[in-house]
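# Summary of the model geometry
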Amino acid sequence: MKHHHKILGSSLLALSAALAAAPALASDDCEVPVARWQSREAVRQMAVQKGWEVQRLKIDDGCYEVRGTDAEGRGFKAKIDPETLEVIKLKQRDRKADQRGDRKRERDPMHDPRVRGDTASPDKPLFTPGTTPRGQIE
Amino acid sequence: MNQKPVLTALIAAAVLASPALAQSREVNITTQLKNYGGDGAYLAVYLTDAQGAYAGTLWVAGGKAKYYKHLADWNRLSAGDAKRLAGVTGASVGAGRKLTVTADLADALIDAGYEIRVDAAVEDMRDSPSELRVPLTTDNAGKSQAGKAYIQSLTYQLK
């Protein structure tokens, strides 16, 4: 019985240690001393190499943050490590807006080629004029 | 003496009326639902033509328009039809219940590649667009067809 408690205790300890470590791993902050930072110009050059067009370059949470459009013309926001100029996090800025747009297009029947054009031709009556279908639940 | 013109008029009226009668047929569609153990089903009973394009709505069971998007195929295909709900809506159909739809269909629709389609949706259960598709033919009349998820059988009669 005591032995069981010991196992339970140690596994709980391991679990809590893992949970405590998780937020530290999930953090996107950069912890680079200012002395080791590369210049803003270096970030701009790196961006040019990647084919980015930089609209804004700022410092956020100890990292460089670039907003701009990528080589394919999509808007994005990227977090850059100030020492290695490595991309830590990349977020397509207008992805959500794009998705909303897609859904809107899906909802909008005029964007559906199957619907556009030939729908319910009122000139070809389906039912005998003056009658409507009747439904009954039993 | 006076009866002759009346009789002629009657015959003439009958002759004139008969082509009109021949142009439409009453169709009786009976849909029996399974005991799927859920809320009342939303059903859309509609017709598509030989090319699969939407032709018209026969019946929509279920009163709340906000749920019509779950009858996905019907909702998409009929979106261009502003009158798709004109007088053809009723209550949703409970599990195990039977829905009977009666319509006077144009004769030209029968044996012409048209299909009866049914979309079904139940709250908190899977949507079943095109739950059932039956060609609208004289041969198929009276034959029972089963649906994919909620419809136990659909039978239609031509009169």
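A quick note: this is a predicted structure, and the numbers were derived from the prediction, not measured.

### Some thoughts on the overall build of chain B
- Per the secondary structure count, chain B includes two helices and eight strands.
- For chain B, the succession of helices and strands along the chain, N to C, is α-β-β-β-α-β-β-β-β-β.
- Relative to its full complement of 159 residues, chain B shows a buried share of 36%.
- Pairs at least 24 apart in sequence give 67% of the contacts found in chain B among residues at least 6 apart.

### As for the sheet that holds strand β5 (residues 98-106) of chain B
- Strand order in the open sheet formed by four strands is β5(A)-β5(B)-β1(B)-β8(B), and the pairing between neighbours is antiparallel. Edge positions in the sheet fall to β5 (134-137) of chain A together with β8 (151-158) of chain B, since each has one partner strand and no second. Pairs of neighbouring strands in the sheet enclose a mean axial angle of 15°, with direction left out of account.
- Both strand β1 (residues 24-33) of chain B and β5 of chain B contribute to a ladder of nine bridges, which runs antiparallel. Bridging across to β5 of chain B, Ser24 of chain B finds its partner in Ala106 of chain B.

### Some remarks on the interface of chain B and chain A
- The interface of chain B with chain A comprises 31 residues on the first partner and 18 residues on the second.
- Contributing elements (two or more residues each) for the side of chain B that touches chain A: β3 (54-61), α2 (72-77) and β5 of chain B.
- A per-class count over the side of chain B that touches chain A returns 18 nonpolar, eight polar and five charged.
- Here four bridges tie β5 of chain A to β5 of chain B, and the two strands are oriented antiparallel to one another. Among the inter-strand pairings, Gln136 of chain A is bridged to a residue of β5 of chain B, identified as Thr100 of chain B.

### Remarks on the sheet that holds strand β2 (residues 41-48) of chain B
All names here are of chain B.
- Judged by pairing direction, the sheet is mixed, and its five strands sit side by side in the order β4-β3-β2-β6-β7 without closing on themselves. For this open sheet the edge positions go to β4 (89-90) and β7 (128-135), each flanked by a neighbour on one side alone.
- Relative to β4, β3 runs parallel, the two sharing two bridges. Its bridge partner being in β4, Ala61 is matched across the sheet by Gly90.

### A word on the pairing of strand β3 (residues 75-80) of chain A
All names here are of chain A.
- Where strand β2 (residues 63-69) lies against β3, six bridges are found, and the strand directions are antiparallel. In the sheet register, Thr69 faces β3, and the bridge partner there is Gly75.
- Hairpin remark: β2 followed by β3, antiparallel, with five residues in the connecting loop; positive phi at Gly73, about 85°.
- Inspection of the sheet shows β3 paired to strand β4 (residues 87-92) by five bridges, in the antiparallel sense.

### Regarding the nonpolar core
All names here are of chain B.
- By size, the foremost hydrophobic cluster in this structure holds 40 residues, and its most contacted members are Ala41, Leu43 and Val45.
- Breaking this core down by element, the ones donating at least two residues are β1, β2, β3, α2, β5, β6 (115-122), β7 and β8.
- Contacts of Leu43, omitting those with residues within four sequence positions, involve Thr31, Ala61, Gly62, Val93, Leu99, Val118 and Ala120.

### Regarding the confidence of the model for chain A
Residues and elements named next belong to chain A.
- Looking at chain A, the pLDDT average stands at 71 and 57% of residues meet or exceed 70.
- Ranking the elements of chain A by mean pLDDT puts helix α1 (residues 2-26) last, at 50, and β2 first, at 92.
- A low-confidence stretch, residues 17-26 (pLDDT under 50), is modelled with zero contacts involving residues beyond four sequence positions or located in other chains.
- Scored below 50 in pLDDT, residues 108-123 makes 20 contacts in the model with residues more than four places away or belonging to other chains.

Cut-offs and rules
Residues numbered from 1 in each chain as written. Chains lettered and ligands numbered in written order. Predicted model: local features only at pLDDT ≥ 70, side-chain atom pairs only at ≥ 80, totals over all residues. Helix = DSSP H or I, 4+ residues; strand = E, 2+ residues; numbered from the N terminus. Buried ≥ 20, exposed ≤ 12 C-beta atoms within 10 Å, placed from the backbone. Contact = placed C-beta atoms within 7 Å. Pairing = 2+ DSSP bridges. Axes fitted to C-alpha atoms, helices over the stretch in contact; angles between N-to-C directions. Nonpolar A, V, L, I, M, F, W, Y, C, P; charged D, E, K, R; others polar. Core = buried A, V, L, I, M, F, W, Y, C linked by C-beta atoms within 7 Å. pLDDT = per-residue confidence, 0-100.

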